[in-house]
Amino acid sequence: MARLNLWRWAVLACAGLYFLVPLAASVIFTVDVPGQGVTFDAYSQIVSTAGFGSSLVLSLELAAATIVLVLLLMVPALVALRLGAPRLRPAVEVICSLPLVVPPIAFVAGISTVLKWGPEYLSRTPLFQTFVAIQNPDFPFVLVLAYVVMALPFVYRALDAGLRAIDVRTLVEAARSCGANWVQALLQAVLPNLRGALLNASFLTLALVLGEFTVAQLLGFTPFAVWIYSVGGSQAQLSVAVSVLSLLVTWALLLSLAVFGGRSRTAAKG
């Protein structure tokens, strides 16, 4: 038993070094200025740098829209799949896993082709305005659609694990026997028992949107990840400082999620 604990601590120490050493090196690079010593100017300049606020707000808006849309799509679909067509689960799992197989470059190339093809062939139809609207730089809804597809593997795994942990059929039948319709059964009986899975899916989607670069860059939009890259071309220390700050915020969200999920489970047991 002591030997097993020793191996656990060894693995934990290696994992900690793997993550903390690059982070420490990045922090040192941002605060150690040759000839000036230790200074935190790189961090104090973040808020005042042009584009920081707008790009961060845009990424948060895209993340919120993506989370809402992907949950509205996946939660009813997986509940219906578990209740009415469990044999289709392998096919749905393969479909939801496809974004992991398709390279982002190929994915964005297909999106670009459709966006170029639409206005050319649909200019005399009402759909032309749709193609224009989803590419509005103030809120590019086309990125939301792309992020929903990219988030499918993570959201599917999180929700599927949550649904496996509860008896969906019994919950729905109990709600229906009390006079609830299908929507009420889903909202009042199933969703409260999926709180942890919903939080996990939301966090994974948030992390994906905040860190995604390829699709947004190639489509010509400037969310937070693209802004960090553009700043890094002329202000390396500032770019690394923003990256460190965003990483710390992501870790804080993860810890908050773990604490909140633990409290929810404790309250449910009580």
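Coordinates for the structure precede this section.
The model shown is predicted, which means the values in this text are computed figures rather than measured ones.

Trainee: Please provide a residue-by-residue account of the overall build of the protein chain, values included.
Mentor: In terms of helices and strands, the protein chain carries 13 helices and 2 strands. Principal-axis analysis of the C-alpha atoms gives the protein chain an extent of 75 × 75 × 30 Å. Counting every position in the protein chain, which comprises 270 residues, the buried fraction comes to 34%. Carbon and sulfur atoms provide 69% of the accessible area of the protein chain, an area that totals close to 16,200 Å². The average position of the 15 basic charges and that of the 10 acidic charges among the side chains of the protein chain differ by 16 Å.

Trainee: Before we move on, could you go through the packing of helix α5 (residues 104-121) against helix α7 (residues 141-164) and cite the residues and values that matter?
Mentor: α7 packs onto α5 with a crossing angle of 145° between their chain directions and a minimal axis gap of 12 Å. The two elements α5 and α7 meet at a crossing, and its hand is right-handed. In this structure, α5 uses F107, I111 and L115 to contact α7, whose residues at the interface are V142, A146, V149 and M150. Here the residues of the contact of α5 with α7 sort into 7 nonpolar, no polar and no charged.

Trainee: Before we move on, could you go through the pattern of salt bridges and cite the residues and values that matter?
Mentor: Side chains that carry opposite charge are capable of pairing whenever their charged atoms lie near each other. In total, this model carries 5 salt bridges according to the counting rule given. Two residues, R82 and D160, come together in a salt bridge whose shortest N-O distance is 3.4 Å. Separated by 78 residues along the polypeptide, R82 in helix α3 (residues 52-84) and D160 in helix α7 bring together distant segments of the chain. Under the relative-accessibility criterion, R82 is labelled partly exposed at 28%. For E93, the salt bridge is made with R89, and the minimal N-O distance between the two is 3.8 Å. Of this pair, E93 and R89 are both found in helix α4 (residues 89-101), 4 residues apart, which corresponds to roughly one turn of the helix. You can call E93 buried: its relative accessible area is 18%.

Trainee: Break down the side chain of E93 for me, with residues and values.
Mentor: One polar contact links E93 to R157, side chain to side chain, over a distance of 2.9 Å. What E93 contacts, discounting residues up to four positions off in sequence, is Y156 and R157.

Trainee: Describe the environment of T214, listing the residues and the values that go with them.
Mentor: One can find T214 in helix α11 (residues 214-219). Residues T214 and V108 lie 106 residues apart in sequence; the distance between their C-alpha atoms is 8.0 Å. Residues within four places of T214 in sequence aside, it is in contact with P104 and I105.

Trainee: Help me get a handle on helix α8 (residues 168-177), residues and values and all.
Mentor: Turning to α8, its buried residues number three or more, namely V168, V172 and A175. The arc that holds the buried residues of α8, viewed along the axis, is 65°, so those residues lie on one side. Among the structural elements, α3, α7 and α9 (182-190) are those in contact with the buried residues of α8.

Trainee: Give me the lowdown on the nonpolar core, citing residues and values where you can.
Mentor: L71, M74, L143, V155, L159 and L219 are the most contacted members of the largest nonpolar core, which has 54 residues in total. For this core, the elements supplying multiple residues, two or more each, are α3, α5, α7, α8, α9, α10 (195-211) and α11. If we skip the residues at most four places from it in the chain, L71 touches P76, V155, L159, L198, A201 and S202. Grouped together as the second largest cluster of nonpolar side chains are 10 residues, F224, W227, I228 and A241 included.

Trainee: Describe the environment of V47, with residues and values.
Mentor: Mapped onto the fold, V47 is located in the loop between α2 (41-44) and α3. For V47, a relative accessible area of 65% puts it in the exposed group. Between the C-alpha atom of V47 and that of S26, which follows or precedes it by 21 residues, the distance is 19 Å.

Trainee: An account of the packing of aromatic side chains is needed here, citing residue identities and associated values.
Mentor: The description of two aromatic rings rests on the distance between their centres and on the angle between their planes. Counted under the stated rule, the structure contains 5 aromatic pairs. Between the aromatic rings of F52 and F224, the centroid separation amounts to 6.0 Å while the plane-to-plane angle is 70°, which identifies the pairing as edge-to-face. Highlighted residues: F52 in helix α3 and F224 in helix α12 (residues 224-232), separated in sequence by 172 residues. Relative accessible area serves as the criterion here: at 14%, F52 is assigned to the buried category. The buried category is assigned to F224, whose relative accessible area is 7%. Taken together, F52, F224 and W227 form an aromatic cluster joined through their ring pairs.

About the criteria used
Residues numbered from 1 in each chain as written. Predicted model: local features only at pLDDT ≥ 70, side-chain atom pairs only at ≥ 80, totals over all residues. Heavy atoms only, no water. Helix = DSSP H or I, 4+ residues; strand = E, 2+ residues; numbered from the N terminus. Buried < 20%, exposed > 50% of the residue type's maximum accessible area, 1.4 Å probe, protein only. Areas by Shrake-Rupley, 256 points an atom, 1.4 Å probe, with all protein chains shown as cover. Lys, Arg positive; Asp, Glu negative; His and termini not counted. Charge placed at Lys NZ, Arg CZ, Asp CG, Glu CD. Axes fitted to C-alpha atoms, helices over the stretch in contact; angles between N-to-C directions. Left-handed = near helix turned anticlockwise from the far one by under 90°. Contact = heavy atoms within 4.5 Å. Nonpolar A, V, L, I, M, F, W, Y, C, P; charged D, E, K, R; others polar. Salt bridge = Lys/Arg side-chain N within 4 Å of Asp/Glu carboxyl O. Polar contact = N/O pair within 3.5 Å; in protein donor to acceptor, adjacent residues only side chain to side chain. Arc of directions from axis to C-beta. Core = buried A, V, L, I, M, F, W, Y, C linked by side-chain atoms within 4.5 Å. Phe/Tyr/Trp six-rings, centres within 6.5 Å; stacked < 30°, edge-to-face > 60°.

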